[in-house]
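# Report on the structure
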Amino acid sequence: MNHTARPARIAVLASGRGSNLQCLLDGIAAGQLQAEIVGVFSDKPVAPALQKVPSERRWARLPKDFESREAFDLALGDALDACAPDWIICAGYMRILGTDLVQRFSGRLVNIHPSLLPLHKGLHTHARALAAGDAEHGASVHFVVPELDAGAVIAQARVPVLTGDCPESLAARVLQVEHPLLLASVQLLLSSRLTEQGGVIQLDGHSLFSPLRLDSAGTLA
């Protein structure tokens, strides 16, 4: 890694407790990511994730205080622009991003989703994986496009579905792999080895036709 380069500027969108944000902060503190979190943005002013950064790096607004979805997205987009992020990571952000906002930051927006996409887009993924009788479940890191959870998938981590699992036990097992998956994926994004063009991911100049997989050592292969 080139330590003379400036740290990458990462903005994080979060609606909840911020465990994935904490994973990024821990990676930065440990020297695993040459980056800084330049802002945390939320649609929930009480989200615990906001407390993980200084007050001047927090932005939170209630969508119902805006006259339309578009007005909220415009305010969010302007706030994001103001911190000049290299990457925007949706980490437990539970609100759908509008088309204009997604296109405004196209190629810089990445989401972590708790399923093996294209399976189980949207909400309640753990219950749906159990209802479908899936043998495996997991998490995916993907580029964000206007269609929900449909962007090119960079990497996935898989866990077995066990007999007797409930949505909560399965969610806890997925969360254990979500954090190393996000860390490894962001490391790859910051390395400049990975790009996305027209829905196809290029790694070291070669097209990636299936997502990278996280191994037990936390490495993508």
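Going by the structure above, here's the rest.
A quick note: this is a predicted structure, and the numbers were derived from the prediction, not measured. (Residues numbered from 1 in each chain as written. Predicted model: local features only at pLDDT ≥ 70, side-chain atom pairs only at ≥ 80, totals over all residues. Heavy atoms only, no water.)

### Brief notes about the overall build of the protein
For clarity, the threshold we go by: Numbering of helices and strands runs from the N terminus, with a helix taken as a DSSP run of H or I at least four residues long and a strand as a DSSP run of E at least two residues long. Taken over C-alpha atoms, the radius of gyration is set against a globule rule of 2.2 Å times the number of residues to the power 0.38. Pairs of residues are marked as contacts when any of their non-hydrogen atoms sit within 4.5 Å. A positive count includes Lys and Arg, and a negative count includes Asp and Glu. His and the chain ends are not counted in either. Taken as the charge location is NZ of Lys, CZ of Arg, CG of Asp or CD of Glu.
Each helix and strand counted, the protein has five helices and 11 strands in total. For 221 residues, the compact-globule estimate of 2.2 N^0.38 gives 17 Å, and the protein sits close to it at 17 Å. The principal-axis extent of the C-alpha atoms belonging to the protein is close to 45 × 45 × 35 Å. Sequence-distant contacts, at least 24 apart, represent 62% of the contacts inside the protein between residues at least 6 apart. Between the centroid of the 19 positive side chains of the protein and the centroid of its 22 negative side chains there is a distance of 3 Å.

### Topic: the pattern of salt bridges
This is how the line gets drawn: One side-chain nitrogen of Lys or Arg within 4 Å of one carboxyl oxygen of Asp or Glu is enough to make a salt bridge. In this scheme, a residue with accessible area under 20% of its type's maximum is buried, one over 50% is exposed, and one in between is partly exposed, where area comes from a 1.4 Å probe on protein chains only.
In total, this model carries 10 salt bridges according to the counting rule given. Across the pair Arg104 and Asp78 runs a salt bridge whose closest N-O atoms are separated by 2.7 Å. Residue Arg104 is found in helix H3 (residues 99–104), and its partner Asp78 is found in helix H2 (residues 69–82); the two are separated by 26 residues along the sequence. A relative accessible area of 32% places Arg104 in the partly exposed class. Asp165 is paired through a salt bridge with Arg173; the nearest N and O atoms lie 2.8 Å apart. Like Asp165, the residue Arg173 is buried in the burial classification. A single network of salt bridges, built from pairs that share partners, joins Arg9, Glu36 and Arg57.

### Thoughts on helix H5 (residues 167–190)
Rules: Expected span of a helix, by definition, is 1.5 Å for each gap between consecutive residues, and there is one gap fewer than residues.
Taking 1.5 Å of rise per residue, the 24 residues of H5 would be expected to cover 34 Å, and the 33 Å separating its terminal C-alpha atoms lies within 8% of that figure. Directly after H5, the chain includes Ser192, whose backbone phi takes a positive value near 70°.

### Some details on the environment of Asp81
Here is the rule: N or O atoms within 3.5 Å of each other form a polar contact, as long as, within protein, one can give a hydrogen and the other can take it, and as long as residues adjacent in sequence are counted only when both atoms are side-chain atoms.
Mapped onto the elements of the fold, Asp81 is located in helix H2. The sequence separation of Asp81 and Leu24 amounts to 57 residues, and the corresponding C-alpha distance is 21 Å. Beyond its immediate stretch of four places on either side in the chain, Asp81 contacts Arg104 and Phe105. There is a polar contact of 2.7 Å between the side chain of Asp81 and the side chain of Arg104.

### Examining the sheet that holds strand S6 (residues 136–143)
Cut-off, in case you're wondering: Any two strands with at least two DSSP-identified bridges between them are counted as paired. Structural elements are reduced to axes, namely lines fitted to C-alpha atoms, with helices fitted over the stretch in contact, and the angle between N-to-C directions of any two is expressed from 0 to 180 degrees.
Taken together, eight strands build an open sheet; the order of strands is S3-S2-S1-S4-S5-S6-S7-S11 and the sheet is mixed. Each edge of the open sheet carries a strand with a single partner, namely strand S3 (58–60) and strand S11 (212–213). H5 rests against strand S1 (8–13), strand S2 (35–42), strand S4 (87–91), strand S5 (109–113), S6, strand S7 (153–160) and S11 of the sheet, and its axis sits at about 155° to S7.

### Looking at the pairing of strand S9 (residues 200–203)
Only one face of S9 is buried: it carries Ile201 and Leu203, and the other face, with Val200 and Gln202, is open. For strand S8 (residues 194–197) and S9, the ladder comprises four bridges, and the chain directions are antiparallel. When the bridges of S9 are listed, Glu196 appears paired with Ile201. Hairpin connection of S8 to S9: two residues between the antiparallel strands, including Gly198 at a positive phi of 55°. As defined by bridge partners, S9 adjoins strand S10 (residues 206–208) across three bridges and the pair is classed as antiparallel.

### Thoughts on the sheet that holds S10
Across the sheet, three strands lie side by side as S8-S9-S10; this open sheet has antiparallel pairing. A strand with exactly one partner marks an edge of an open sheet, and here the two such strands are S8 and S10. Strand-to-strand twist of the sheet, defined as the mean angle between neighbouring strand axes without regard to direction, takes the value 40°.

### Describing the nonpolar core
We apply this condition: Residue types Ala, Val, Leu, Ile, Met, Phe, Trp, Tyr and Cys, when buried and joined through side-chain atoms within 4.5 Å, form a set referred to as a nonpolar core.
Within the largest apolar cluster, 46 residues are counted, with the highest numbers of intra-cluster contacts made by Val12, Ile89, Ile154 and Leu181. The dominant element in this core, judged by the number of residues it contributes, is H5, at 10 residues. Each residue touching Leu181, except ones within four places of it in the same chain, is listed here: Ile112, Ala139, Ser140, Val141, Ala155, Gln156, Ala157, Leu214 and Leu220.

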